[in-house]
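Structure assessment
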Number of protein chains: 2
Amino acid sequence: MIHQRECPIETLIHVLGGKWKPMILWHLIGSPKRYNELEKLIPEVSQKMLSQHLRELEQEGIVDRTIYPTVPPKVEYSLSDYGRTLIPVAEVMCAWGDNHNKRKYEESAS
Amino acid sequence: MIHQRECPIETLIHVLGGKWKPMILWHLIGSPKRYNELEKLIPEVSQKMLSQHLRELEQEGIVDRTIYPTVPPKVEYSLSDYGRTLIPVAEVMCAWGDNHNKRKYEESAS
DNA sequence: CGGGATCCATTAGGATACTG
DNA sequence: CAGTATCCTAATGGATCCCG
């Protein structure tokens, strides 16, 4: 996921292409979430990948990270305004992917 | 790229996620292409990856492979009707990715 | 011409242990 | 609570050789 892109499609795939990034985005669309809320919502993710993907999404400007200097510490992740521009794109991708899964299911059932 | 997906976005990323797949699709949108035309259009791709990606796109029903039993052999790859349903999706992805690249360019220039 | 097969390098991702 | 660090495996992609 490090290589440079010539085609803007690859840019988007690069941004969303981590194994858990679509799930992370999905959960953040609803409301901001704390780190360990995301861990519970996505039980299979390792915390290495969760924090790594969150840092990458933050660097792309898609996710905001808010630290509340309380004890115990509280960190909240939310979709940035810019990150919200991804929502309609994600919906189109999702619709096509959903249809594609159904198509494959039907052909395997026939 | 083998793991199963729970989220349809991952399905689309799986379909388009090979390193050269967006470029292959891009070239096939214009007109059908022969194997070695694609090699020339995408000079950096290895022939292993080109043929592997073409086989995967064919299995997903996105690309049609037509063999003309001539001597020397001629094989033509084209977007299937179903593959054309990807075009509007790709355009949305492309627009977002293009904007994202510009955004990153501007922030690095400031 | 249009590939397949093989072997190797790089990268993504997981498991576990530890920390401010 | 919210991570980092380290080590390891699996997956992706590249290079080279070969074939009908």
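Residues numbered from 1 in each chain as written. Chains lettered and ligands numbered in written order. Predicted model: local features only at pLDDT ≥ 70, side-chain atom pairs only at ≥ 80, totals over all residues. Heavy atoms only, no water.

The name an unreviewed UniProt entry gives chain A is Helix-turn-helix transcriptional regulator, with Paenibacillus terricola as the organism.

Taken together, the contact pairs 35 residues of chain B with 35 residues of chain A. Where chain B abuts chain A, roughly 3400 Å² becomes buried across the two surfaces, and 69% of that area is made up of carbon and sulfur atoms. Three residues, Ile9, Tyr82 and Trp96 of chain B, lead the burial of chain B against chain A; their summed loss comes to 21% of the area buried on that side. Viewed at the interface, chain A and chain B are joined by two salt bridges. (Contact = heavy atoms within 4.5 Å. Buried area = accessible area lost by both parts, 1.4 Å probe. Salt bridge = Lys/Arg side-chain N within 4 Å of Asp/Glu carboxyl O.)

Quick look at helix α1 (residues 8–16) of chain A now. Burial analysis of α1 of chain A places nine of its nine residues in the buried class, which makes it a mostly covered element. Pro8, Ile9, Glu10, Thr11, Leu12, Ile13, His14, Val15 and Leu16 of chain A are the residues of α1 of chain A that are buried. Against α2 (21–30), α4 (47–59) and α6 (86–109) of chain A together with α1 (8–16), α2 (21–30) and α6 (86–109) of chain B lie the buried residues of α1 of chain A. (Buried < 20%, exposed > 50% of the residue type's maximum accessible area, 1.4 Å probe, protein only. Helix = DSSP H or I, 4+ residues; strand = E, 2+ residues; numbered from the N terminus.)

Our focus in this paragraph is the sheet that holds strand β1 (residues 33–34) of chain B. All names here are of chain B. Taken in spatial order, the three strands make up an open sheet running β1-β3-β2, and their pairing is antiparallel. Each edge of the open sheet is held by one strand with a lone partner, namely β1 and β2 (63–68). As paired strands, β2 and strand β3 (residues 74–79) are joined by six bridges and run antiparallel to one another. Along β3, the bridge assignment pairs Tyr68 with Lys74. The sheet strands contacting α2 are β1, β2 and β3, and the helix crosses β3 at an angle near 95°. (Pairing = 2+ DSSP bridges. Axes fitted to C-alpha atoms, helices over the stretch in contact; angles between N-to-C directions.)

Further remarks concern the relation of the copies chain B and chain A. In the superposition of chain B on chain A (RMSD 0.1 Å, axial shift 0.0 Å), the rotation amounts to 180°. The superposition operator between the copies reduces to a two-fold rotation axis. Taking C-alpha positions as the reference, the residue of chain B nearest the rotation axis is Ile13 of chain B, at 3.3 Å. A symmetric contact is evident, with 100% of the interface residues of chain B recurring at the interface of chain A. (Least-squares fit on C-alpha atoms with pLDDT ≥ 70 in both.)

Let us look at the pattern of salt bridges. All chains considered together, the criterion is met by six salt bridges over all chains. Notably, a salt bridge pairs Glu60 of chain A with Lys104 of chain B, separated by 3.1 Å at the nearest N-O pair. With Glu60 of chain A in the loop between α4 and β2 (63–68) and Lys104 of chain B in helix α6, this pair bridges two chains. You can call Glu60 of chain A buried: its relative accessible area is 13%. One salt bridge connects Lys102 of chain B with Asp98 of chain B, and the closest N-O pair in it is separated by 3.5 Å. Highlighted residues: Lys102 of chain B and Asp98 of chain B, both in helix α6, separated by four residues, approximately one helical turn. Overall, the relative accessible area of 47% leaves Lys102 of chain B in the partly exposed class. Here Asp98 of chain B falls in the partly exposed class, since its relative accessible area comes to 31%.

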